[in-house]
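So you can see what is in the structure, the chains are spelled out below.
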Amino acid sequence: MENSDHDKVKNTNKVIGNKKIQSEIAKNAGVLVPNEEEEEVVPNEKKQLKEKEEEEDLRDEEKEAVNCAGKKETAAAEMQQQKCLDASTCRCPQLEAEAIKDNRQLLEFRVRSRDIDWRQYVQPLDTAVRSGAVYLERQADFVGSHRQPVTEANRRELLVCHDMMGNYLEDRHFHSSEKYDDYRFVHWSAVDYFCYFSHEYVTIPPSGWLNAAHRHGVPVVGTFIVEQPGRLEEVLASKESVERTVGALTRLCQHFGFEGWLVNVEVAVAPRNMPNLYRFVRELTTATESRVPHGRVFWYDSVTEDGHLLWQNELNQRNVEFFRRSHGTLINYTWTEDHLERSVQQAEKEQSPRHRVFIGLDVFGRNCKGGFQSRQSMESIAEKGFSAGIFAPGWSFETLNRFGYNIRNPSGEEQVNSAFLARNEAWWARIWPTLATHPYSSLPFFTDFCVGSGRASYERGLRSPGEDRPFFNLSRQSLQPSVPLDRNAVHHFEEAFAGGCSLLITNYDRAFRLFVTDFLLTRGVLLLGYAYKINGNAAAIDFDLLLRVTPLHRNDADLYLFCGDYRGAIVTPQRCYLSPLDDVLPRAHAKLPQDSRSLGPGWQVRYYLARFDGPVRVQDVGVKCQRSAQSTAEAQLGAVYVEALALEDLTDSRTDIPVYGRSLWSEQPV
């Protein structure tokens, strides 16, 4: 891995109170509520760890001095934490992400936020938000696009390793910066692990990335990278020094709320230290797995069994010991088809599933096919049954400067924002056929499509009072579409229904998928709501949210629900057309009120209530939007809400769908 340029940008934090933060997290997660209205740390000089005897002989006065210093630091931290509650004075340096530079800082837990309870700021990993992955026959086409379950025999996973210009840029802030056009990641449905990478010694992922990933059910790992031999010598000096380092790294995971480590040793290791390097990887894996919820440790293909720094670009006898002692190995990206074949043979010798081998792809194309040719590399990886490790997907943003865009404007630019989003969607759309997709499975489901940034903040289609400035805050990211939008829609920042953006529809020819889902309606009762807006002649556009429903225990039959503006429900085999509710719901999502008088100009909210005569499963949610050929009107989708209601919550204006009694299913070939 090569160093990237690191551009440090001035902190333009914007502060919001803790209660509002927690409320925002709850709302973005789809929780129902009642329907009411510092100075940079400079690396220390390299210092050797003291021998155990010297540590035991440490003078009492030195211990006392350390204790006193610790008490002073704690008192100062408590005072700062009190200040953090005052939005008018807080600059929140304790909440700004930082890397650890050396072993002294690591072992002594010298981080600004050591006294912060990060459980107040970081959402735990949501393991229920999605179900087991599937392979899609076609990623965006709605009708006739089926799925193949992922099994142990065909499983391929995805590790995304985010390294962009050294990282710790605008994303390091807990509170918002104003650079709303900065890099954002939204394709979480395909990701199994997310690594936040920098070339600092110990990289701690910022809270914004943790919240966005955890909301989508994706574990996050930090990076333990050694690019200076002295630091590793200190770690491997003895069994005790290994244990202390493992304990310190595990403590960081527990304190900050992330799930593990990518271990990248980029220096030669003395042969005498190799046993302790193996010990380090094994003990770190064991400690992370046992003491960190959903803990994972990955080894990067670098050092060989004799301590040489010699990237193998494959799994073989020279690096397999690290593979055995970790959860998986990320193979260096300078591989060929022959490397892949030898990796297959080694995995078979190990009697290990191939998905534990993550073949690297550098999107910058260093010694491999990257950029918009990445699909060729990804297809080669998939054909051999390996998982993929995508390195530096921020390429889609970082390389915009080659085309004259100013990606370093601290206030953000709309041209940069739109160019990045279009380029990013196009890149992910090309490689998506090689990836598995995790369906959303948890109800209630709600999204306002916010990507974690905006030119202003919105509520109910209106600009939020006092929040009319641009923001970049990944903690505010809502659940994102399951597949790339590509040419079907774009994130629209001119206005939003809630959060910072809406979806502007660009495909008016055919239905397309937004969400791959696995929503179980065991009582057979469905509540659907959405907010939309038509810009221009509303009569020229027909807007439907489209759902595909299947039997609870079968996947070879389906029924399509068209949720638009129909005069009375039309229940027919294979297709049902539902009309919006007129009744007041017993409960509605706080961000999606039924009362149109509380909405911004042009925005409308529709709710639908359907009762099936048996349990069903909602497997897809998409859009079907049509307009006349001469019309220039445009449609926006602002929010989507799905819930399974109890029978007592039914209203008289529901639509009864006897899908079993009248055999309304459309039978599909197996």
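Parameters at a glance
- Per-chain numbering applies: the sequence of each chain, read as written, is numbered from 1 onward.
- Residues qualify for local features only when their pLDDT is at least 70, as the model is predicted, and side-chain atom pairs are given and counted only at 80 or more; totals for whole chains, interfaces and linings, by contrast, use all residues.
- For the side-chain quantities, the full set of heavy atoms in the structure was used; hydrogens and water were omitted.
- Secondary structure is summarised from DSSP: a helix means a run of H or I of at least four residues, a strand means a run of E of at least two, and numbering begins at the N terminus for each.
- Burial status follows relative accessibility: with a 1.4 Å probe on protein chains alone, a residue under 20% of its type maximum counts as buried, one over 50% as exposed, and anything between as partly exposed.
- Lines fitted to the C-alpha atoms define the axes, with helices restricted to the stretch that makes contact. Angles between their N-to-C directions range from 0 to 180 degrees.
- Note on convention: the crossing is left-handed when the near helix lies turned anticlockwise from the far helix by less than a right angle, right-handed when the turn is clockwise.
- What makes two residues a contact is simply this: any of their non-hydrogen atoms within 4.5 Å.
- Under the grouping applied here, Gly and all other residues not named as nonpolar or charged are polar, the nonpolar ones being Ala, Val, Leu, Ile, Met, Phe, Trp, Tyr, Cys and Pro and the charged ones Asp, Glu, Lys and Arg.
- In this description, the term disulfide denotes a pair of cysteine sulfurs within 2.5 Å.
- pLDDT expresses how confident the predictor is about each individual residue, on a scale running from 0 to 100.
- Working rule for angles: under 35 degrees goes down as roughly parallel, over 145 as roughly antiparallel, 65 to 115 as roughly perpendicular, anything else as oblique.
- A strand pair is defined by DSSP finding two or more bridges across the two strands.
- The path from the first strand over the helix to the second decides the hand: if it runs clockwise while the strands point away from the viewer, the crossover is right-handed.
- Aromatic rings from Phe, Tyr and Trp, with only the six-membered ring used for Trp, were paired whenever their centres fell within 6.5 Å, and each pair was classed as stacked if the ring planes differed by under 30 degrees, edge-to-face if by over 60, and tilted otherwise.
- Nonpolar cores were defined as sets of buried Ala, Val, Leu, Ile, Met, Phe, Trp, Tyr and Cys residues, with membership established by side-chain atoms within 4.5 Å.
- Throughout this description, the term salt bridge denotes a Lys or Arg side-chain nitrogen within 4 Å of a carboxyl oxygen of Asp or Glu.
- Here a helix's expected span is defined as the number of its residues, less one, multiplied by 1.5 Å.
- Any N or O atom pair separated by 3.5 Å or less is treated as a polar contact, with the protein-specific requirement of one donor-capable and one acceptor-capable atom, and with residues adjacent in sequence counted only for side-chain atom pairs.

**Regarding the overall build of the protein chain**
Next, step 1: Per the secondary structure count, the protein chain includes 13 helices and 29 strands.
Next, step 2: Residues counted as buried form 60% of the 670 residues belonging to the protein chain.

**Thoughts on the packing of helix α7 (residues 239-256) against helix α8 (residues 274-291)**
Next, step 1: Contact geometry of α7 with α8 gives a least axis separation of 9 Å together with a crossing angle of 35°. Of the two elements, α7 crosses α8, and the hand of that crossing is right-handed. Judged by residue contacts, Lys239, Val242, Glu243, Thr245, Val246, Leu249, Thr250 and Gln254 of α7 engage Asn276, Arg279, Phe280, Glu283, Leu284, Ala287 and Arg291 from α8.
Next, step 2: When grouped by side-chain class, the residues that make up the contact of α7 with α8 number six nonpolar, four polar and five charged.

**A closer look at unusual backbone geometry**
Next, step 1: With an omega of 0°, the peptide bond between Leu443 and Pro444 qualifies as cis.
Next, step 2: Not every positive phi belongs to a glycine, and Asn367 is a case in point at roughly 60°.
Next, step 3: Summarising the element assignment, Asn367 is placed in the loop between β10 (357-362) and α11 (374-383).
Next, step 4: A positive phi angle, near 70°, is found at Phe449, a position not held by glycine.
Next, step 5: Summarising the element assignment, Phe449 is placed in the loop between β12 (445-447) and β13 (453-454).

**Let's talk about the state of the cysteines**
Next, step 1: According to the stated counting rule, one finds zero disulfides in the structure shown.
Next, step 2: Free cysteine Cys161: the closest other cysteine sulfur is in Cys195, separated by 3.9 Å.
Next, step 3: A relative accessible area of 1% places Cys161 in the buried class.

**Regarding the confidence of the model for the protein chain**
Next, step 1: In this model, the protein chain carries a mean pLDDT of 87, and residues with pLDDT of at least 70 account for 85%.
Next, step 2: Below pLDDT 50 for its whole length, residues 2-83 participates in 124 contacts with residues either more than four positions away or in separate chains.
Next, step 3: Note on residues 85-91: pLDDT is under 50 here. Beyond four places in sequence and across chains, it has nine contacts.

**Some remarks on the environment of Arg251**
Next, step 1: Position of Arg251 among the secondary structure elements: in helix α7.
Next, step 2: For Arg251, a relative accessible area of 41% corresponds to the partly exposed category.

**What to know about the packing of α11 against helix α13 (residues 414-431)**
Next, step 1: Two elements in contact, α11 and α13, have axes whose closest approach is 8 Å; the angle formed by their N-to-C orientations is 30°. Between α11 and α13, the angle falls in the class roughly parallel. At the point where α11 passes α13, the crossing takes the right-handed sense. Taking contact as the criterion, the partners of Ser374, Arg375 and Met378 in α11 are, on α13, Trp427, Arg430 and Ile431.
Next, step 2: Class assignment of the residues belonging to the contact of α11 with α13 gives a composition of three nonpolar, one polar and two charged.

**Some details on the pairing of β10**
Next, step 1: With six of its six residues buried, β10 lies for the most part within the structure.
Next, step 2: Every second residue of β10 is oriented toward a common face, with Val357, Ile359 and Leu361 on one face and Phe358, Gly360 and Asp362 on the other, all of them buried.
Next, step 3: Relative to β10, strand β9 (residues 328-331) runs parallel, the two sharing three bridges. Looking at the pairing, Leu330 lines up with Phe358 of β10.
Next, step 4: As for the winding sense of the linkage, the β-α-β connection from β9 through helix α10 (residues 337-350) to β10 is right-handed.
Next, step 5: Across five bridges, β10 lies against strand β11 (residues 387-391) in parallel orientation. Paired with Phe358 across the bridge in β11 is Ser387.
Next, step 6: The handedness of the β10 to β11 crossover, carried by α11, is right-handed.

**Thoughts on the packing of aromatic side chains**
Next, step 1: In the structure shown here, the tally under the stated rule is 42 aromatic pairs.
Next, step 2: Taken together, a centroid distance of 5.7 Å and an interplanar angle of 65° make the contact between Trp118 and Tyr121 edge-to-face.
Next, step 3: The interplanar angle of 70° and the centroid separation of 5.5 Å between the aromatic rings of Tyr168 and Tyr196 together place this pair among those described as edge-to-face. Of this pair, Tyr168 sits in the loop between β3 (158-162) and β4 (193-196) while Tyr196 sits in strand β4, and the two are 28 residues apart along the sequence.
Next, step 4: We classify Tyr168 as buried; its relative accessible area is 8%.
Next, step 5: Residue classification places Tyr196 among the buried residues on the basis of a relative accessible area of 0%.

**Side note on the nonpolar core**
Next, step 1: Residues Leu252, Trp261, Leu277, Phe280 and Trp428 are the most contacted members of the largest nonpolar core, which totals 120 residues.
Next, step 2: Once you skip the residues sitting within four places of it in the chain, Leu252 turns out to touch Ile100, Leu106, Phe109, Val202, Ile204, Gly257, Phe258 and Trp261.
Next, step 3: If you look at the next biggest cluster of nonpolar residues, it comprises 48 residues, including Phe449, Leu503, Leu578 and Val621.

**Some remarks on the environment of Pro149**
Next, step 1: Of note, Pro149 is situated in strand β2 (residues 147-149).
Next, step 2: What Pro149 contacts, discounting residues up to four positions off in sequence, is Ala133, Val134 and Asn154.

**Overview of the pattern of salt bridges**
Next, step 1: Tallied over the full model, the rule gives 38 salt bridges.
Next, step 2: One network of salt bridges, in which partners are shared, links Arg147, Arg513, Arg548, Asp558 and Asp620.

**Here's the deal with α10**
Next, step 1: Between its terminal C-alpha atoms α10 stretches 20 Å, which fits the 20 Å expected from 14 residues at 1.5 Å a residue.
Next, step 2: All buried positions along α10 are accounted for by His339, Leu340, Ser343, Val344, Gln346, Ala347 and Glu350.
Next, step 3: As for α10, its buried residues are in contact with α9 (320-324), β10 and α11.
Next, step 4: One or two steps after α10, the chain reaches Gln351, where phi turns positive at roughly 50°.

**Topic: helix α5 (residues 207-215)**
In an α-helix, one full turn covers 3.6 residues, which means residues spaced three or four apart are oriented alike.
Next, step 1: Of all nine residues in α5, nine are buried; the element is thus mostly enclosed.
Next, step 2: Among the residues making up α5, those that are buried are Ser207, Gly208, Trp209, Leu210, Asn211, Ala212, Ala213, His214 and Arg215.
Next, step 3: Residue Gly217 follows α5 closely and has a positive phi angle near 80°.

**What about the pairing of strand β7 (residues 260-265)?**
Next, step 1: The buried fraction of β7 amounts to six of the six residues, a majority that puts the element mostly inside the structure.
Next, step 2: Taken together, the six bridges between strand β6 (residues 220-226) and β7 define a ladder with parallel strand orientation. Residue pairing for β7: Val221 is matched across the bridge by Gly260.
Next, step 3: Examined bridge by bridge, β7 and strand β8 (residues 296-300) share four bridges and lie parallel to one another. Its bridge partner lying in β8, Gly260 is registered against Arg296.
Next, step 4: At this point the chain moves from β7, through α8, to the parallel β8, and the crossover so formed is right-handed.

**Quick word on the environment of Ser502**
Next, step 1: Among the secondary structure elements, Ser502 is positioned in strand β18 (residues 502-505).
Next, step 2: Taking the C-alpha atoms as reference points, Ser502 and Gln636, 134 residues apart in sequence, are found 6.5 Å from one another.
Next, step 3: Sequence-distant contacts of Ser502, that is, excluding residues within four places in its chain, are made with Val490, His491, His492, Glu495, Ala496, Trp603, Gln636, Leu637 and Gly638.
Next, step 4: Here the side chain of Ser502 touches Glu495 through a polar contact of 3.3 Å, landing on its backbone oxygen.

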